[in-house]
Amino acid sequence: MRDVLLILLAALAGAAVVWLPAALLLRLLHRRSLTLNVCVLLVATVLALLAGVLAVAEGMFISPHDLHVLLVVVPLSGLVSLLIGGWVAWRLARSAMWAADARERERQVEASRRDLVAWVSHDLRTPLAGIRAMAEALEDGVVSDPAAVAEYHRRIRTGTDRMAALVDDLFELSRINAGALALSPVDVPLGEVVSDAVAAAAPVAATRGVRLIADGDWPVVRAGERELSRIVANLLLNAVRYTPADGTVTVTGGRDAEGGWLAVADTCGGIAESDLPHVFDVAFRGAKARTPDADGGGGLGLAIVAGLVEAHGGRVGVANTAGGCRFEVHLPAAH
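Residues numbered from 1 in each chain as written. Predicted model: local features only at pLDDT ≥ 70, side-chain atom pairs only at ≥ 80, totals over all residues. Heavy atoms only, no water.

A word on the confidence of the model for the protein. Residues at a pLDDT of 70 or more form 85% of the protein, whose mean pLDDT is 80. Taken element by element, the protein is modelled with least confidence in helix H1 (residues 2–28), mean pLDDT 70, and with most confidence in strand E7 (residues 324–332), mean pLDDT 93. Across residues 287–296, where pLDDT falls below 50, the model places 21 contacts with residues more than four positions away in sequence or in other chains. (pLDDT = per-residue confidence, 0-100. Helix = DSSP H or I, 4+ residues; strand = E, 2+ residues; numbered from the N terminus. Contact = heavy atoms within 4.5 Å.)

Here you go:
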């Protein structure tokens, strides 16, 4: 019994010599990677075992032959344990990082959802209040002059169109986010799509005093015709909306190694550098200088553009230029 007690004390003393500095090292590394901490723990465990064996051997409780066997077996087993443990720790660290990223994405999506609900609620409530007030005025006979009645009818229709456009944007965005967007890619001449979009945006641009210029070596791209028209139209209307009077919106296009590209440049004065990474976020409106007026959308147009471009296997980006900004879309080339 006395020998057993001495062996226990020797083993504990040997392990303590290793674990005291190891515990201090682990405390210093507690903010470092999980893999590093697990590797230090495994190394300390193997060294503590070796220290206990050597301490017991010094007490003459192990023969030289047995000590030699232990000094071969323990390090070899420790090396195998370290390799396996390091691999497991690496897997655990990857899982932990993935879980942290997933939680962060969930928080961002939830924050984006709250912002979207707040903005859409505001954008629907404002025209609804106006429509209700004008409808009540017409119903109560407050307005009876034919010209005034016609103006009220025009404003009601305009407000209704704005709400319908916002609902359409929400529906399109929900299809994109739900993965329910069914594309039917065909070979589409980009020049024809741009020509139609410029013609549709011309009245809005003329009202605002904005010049529209379309010039490029238009390629044929592989895309859904309706979705491509939506991409070009959203980019054009966004540029016109933020370009001041006497400004210019230029649409260019061409071919590159990836396929075809389309660029829409404006003279809006540029976007704040801190806002550039968020331009395609849902309901993003940025600084006051880029906040749309009453006929603006719900901040969904560019988010829809990004979703549609990614659904086609393309990419979209934005950069500031001299006096404005430039949106560029890359799409696959036609077959």
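In this section: the packing of helix H6 (residues 225–242) against helix H7 (residues 301–311). In helix packing, the relevant descriptors are the interaxial angle and the interaxial distance, both defined with respect to the helix axes. Close contact between H6 and H7 brings their axes to 9 Å; oriented N to C, the two are set at 145°. The chirality of how H6 crosses H7 is left-handed. Of H7, the residues touching H6 (which contributes Glu227, Arg230, Ile231, Asn234, Leu235 and Asn238) are Gly301, Leu302, Ile304, Val305, Leu308 and Val309. Across the contact of H6 with H7, the residue classes tally to 7 nonpolar, 3 polar and 2 charged. (Axes fitted to C-alpha atoms, helices over the stretch in contact; angles between N-to-C directions. Left-handed = near helix turned anticlockwise from the far one by under 90°. Nonpolar A, V, L, I, M, F, W, Y, C, P; charged D, E, K, R; others polar.)

The strand order across the open sheet built from 5 strands is E2-E4-E5-E7-E6, with neighbouring strands paired in mixed fashion. Of all strands in the sheet, those bounded by a partner on one side alone are strand E2 (211–214) and strand E6 (315–321). Across this sheet, the average inter-strand angle for adjacent strands is 15°, counted without regard to direction. In the sheet, E2 pairs with strand E4 (residues 248–256) via 4 bridges, with the strands oriented parallel. (Pairing = 2+ DSSP bridges.)

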